[in-house]
Amino acid sequence: MADRVTVIGWDGSPLTAAARSALGAATLVAGAAHHLALPEVPPHAERIRLGSVTLAARRIAQHRGTAVVLADGDPGFFGVVRTLRAPEHGLEVEVVPAVSSVAAAFARAGMPWDDAQIVVAHSRDLRRAVNVCRAHTKVAVLTSPGAGPAELALLLGGVHRTFVICEELGTEREQVTVLTSDKAADHVWRDPNVVIVVGGSPGGAAAQGTGWIAGHEVGHPTGPRGWGLPNRAYGGALAEGETVQLRTAQLARLGPRVGDLVWDIGTGSGAAAVEAARFGAAVIAVDADPDACGRTAAVARRHGVQLQVVHGRAPQILEDLPEPDVVRIGGGGVEVVTACAARRPERIVTHAATRDEAELLGRALADGGYDVECALLQSVDLDTSVWVERERSVVFLLSGYRVPHP
């Protein structure tokens, strides 16, 4: 196996003395075409054009001599170091870092980035990166062929953001372009590039000072503690289908997480939509009542989360929405359940007031290819000043879990 593997990060600036020394002693050099063209690469060294890092690691493991791998930016940050250090290759790795492309992009934009989300976009799962851009106000996207600024903009659809597009950072062809997301699809962009996606509705008080943990919006690191918040957190009395106990059980079964897109159909006050967004998921809240849409947008601003609110009646309005990962149905009956099941989200939750209604909804979920669970939830709210019953709620909770195709 290779005597030593040195991974050198390159950000366009002159190589350090340590990097030049390692390159000068190399008998094998792996990197992209522009790396292998560097004058410091020894003419006698074996050269490997870096495509699959795994294949390159196998070749390096077989090499008798000193190997160097060149990579853009910081190779330990979403870079080649993780693959090279995999136990199956048995390589001992030394790293000579450079400024990461994300750090360089934010520097060019003159923006802080300790509060940014950072994602890698691939064509096979681009929607997950897009969902992070929907859910957060500042995201750096490390793009790839087929998953660049134009594709990001197209999948964002009606969610308006500002793009800072940094092409070929550290090279003579470096270019930084600022434009709105609706204009990004009109251009052809050069690889590699980093896209800083900013925008959305700021919530709560203006941020002051600095944060204490990376990746959280300054001024809103946590929000209210817990979930299944009381009705007063959303403006007072809520509808029967939005009780704390039902909402908590629904969210527990949906399990919204970062990278997901949640549909909240019949959002009402927006309580469930806001709580799903607080888990880091992207949320589209749908309601036929314009007043409900307005209340939902207001409560989202108050809680400092990003929501897309869509006014319209399900199931018709659902046809043009992007694919969901999980769905909460607050109302609409069998027709809406059937339409949602046809989009094949991983999980669907809804509720019913009677056993007959629950049976109809459960059958619609089963016919749509879902395993169905039904639980009868009963809760009693007590007035603790006199310890008497204040309110009683009885509801059937239905949960559908997608059955994998054979």
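Residues numbered from 1 in each chain as written. Predicted model: local features only at pLDDT ≥ 70, side-chain atom pairs only at ≥ 80, totals over all residues. Heavy atoms only, no water.

Here we take up the overall build of the protein chain. The helix and strand inventory of the protein chain stands at 13 helices and 17 strands. Seen along its three principal axes, the alpha-carbon backbone of the protein chain occupies a region of about 85 × 50 × 45 Å. Within the protein chain, the proportion of its 406 residues that are buried is 46%. Of the contacts formed within the protein chain by residues at least 6 apart in sequence, a portion of 61% connects residues at least 24 apart. (Helix = DSSP H or I, 4+ residues; strand = E, 2+ residues; numbered from the N terminus. Buried < 20%, exposed > 50% of the residue type's maximum accessible area, 1.4 Å probe, protein only. Contact = heavy atoms within 4.5 Å.)

On to the pattern of salt bridges, then. Counted under the stated rule, the structure contains 17 salt bridges. Its salt-bridge partner being Glu-275, residue Arg-247 comes within 2.8 Å of it at the nearest N-O pair. Here Arg-247, found in helix α9 (residues 244-254), pairs with Glu-275, found in helix α10 (residues 271-278); they are 28 residues apart in sequence, far enough to count as distant. No difference in accessibility class separates Arg-247 from Glu-275, as the two residues are buried. Within the structure, one salt-bridge network assembled from shared partners comprises Arg-127, Arg-128, Arg-257, Asp-260 and Asp-325. (Salt bridge = Lys/Arg side-chain N within 4 Å of Asp/Glu carboxyl O.)

Take the sheet that holds strand β3 (residues 46-49) next. The strand order across the open sheet formed by 5 strands is β3-β2-β4-β1-β5, and the pairing between neighbours is parallel. Across the chains shown, the open sheet's two edge strands, defined by having one partner strand only, are β3 and β5 (93-96). Within the sheet, the average angular offset between the axes of one strand and its neighbour, ignoring direction, is 20°. In this structure, strand β1 (residues 4-10) lies alongside β5, joined through 4 bridges in parallel fashion. Across the sheet, the residue bridging to Ile-8 is Val-96, located in β5. Strands β1, β2 (28-31), β4 (66-72) and β5 of the sheet are contacted by helix α1 (residues 17-24), whose axis makes an angle of about 135° with β1. (Pairing = 2+ DSSP bridges. Axes fitted to C-alpha atoms, helices over the stretch in contact; angles between N-to-C directions.)

Our next topic: α10. A large share of α10 lies buried, amounting to 7 of its 8 residues. Turning to α10, its buried residues number three or more, namely Ala-271, Ala-272, Ala-273, Val-274, Glu-275, Ala-276 and Ala-277. Contacts made by the buried residues of α10 are with α9, β11 (261-265), β12 (282-287), α11 (290-303) and β14 (326-329).

Turning next to the pairing of β2. Here β2 shows a buried face lined by Leu-28 and Ala-30 and a second buried face lined by Val-29 and Gly-31. As paired elements, β2 and β3 share 4 bridges and run parallel to each other. Note that in β3 the partner of Ala-30 across the bridge is Ile-48. The pairing of β2 with β4 spans 3 bridges and is parallel. Across the sheet, residue Val-29 finds its bridge partner in β4, namely Val-68.

With that out of the way, let us pick up the UniProt feature "domain: Tetrapyrrole methylase" (unreviewed entry) in the protein chain. Within this structure's numbering, the places UniProt gives as "domain: Tetrapyrrole methylase" (unreviewed entry) are residues 15-182. The span residues 15-182 is 33% helical and 24% strand by assignment, and the distance between its end C-alpha atoms comes to 39 Å. (UniProt positions renumbered as here; feature names shortened; annotations may be inferred.)

Take helix α12 (residues 333-342) next. Along α12, the residues classified as buried are Val-336, Val-337, Cys-340 and Ala-341. The buried residues of α12 all sit within an arc of 135° when viewed along its axis, so they share a single face. Pointing more than 90 degrees away from the buried face of α12 are the exposed residues Glu-335 and Ala-342. Where α12 is buried, its residues touch β11, β14, β15 (347-352), α13 (355-367) and β16 (370-383). Just beyond α12, the residue with positive phi is Arg-344, at close to 60°. (Arc of directions from axis to C-beta.)

This paragraph deals with the nonpolar core. Of all hydrophobic cores here, the largest spans 26 residues; its most connected members are Trp-263, Ile-265, Ile-329, Cys-340 and Ile-348. Looking at this core, the elements with two or more residues in it are β11, β12, β14, α12, β15, α13 and β17 (388-402). Leave out the neighbours within four places in its chain, and Cys-340 touches Trp-263, Ile-265, Leu-318, Val-327, Ile-329, Pro-345 and Ile-348. Ala-121, Val-130, Ala-147 and Val-195 belong to the second largest nonpolar core, which has 21 residues in total. (Core = buried A, V, L, I, M, F, W, Y, C linked by side-chain atoms within 4.5 Å.)

On to the packing of α12 against α13, then. Taken N-terminus to C-terminus, the directions of α12 and α13 make an angle of 20°; their axes are 9 Å apart at the nearest point. Classified by the angle their axes make, α12 and α13 are roughly parallel. When you trace α12 past α13, the crossing you get is right-handed. In contact with Gly-333, Val-334, Val-337 and Thr-338 of α12, α13 contributes Leu-360, Leu-361, Ala-364 and Leu-365. Among the residues making up the contact of α12 with α13, the classes are represented as 6 nonpolar, 2 polar and no charged. (Parallel < 35°, antiparallel > 145°, perpendicular 65-115°, else oblique. Left-handed = near helix turned anticlockwise from the far one by under 90°. Nonpolar A, V, L, I, M, F, W, Y, C, P; charged D, E, K, R; others polar.)

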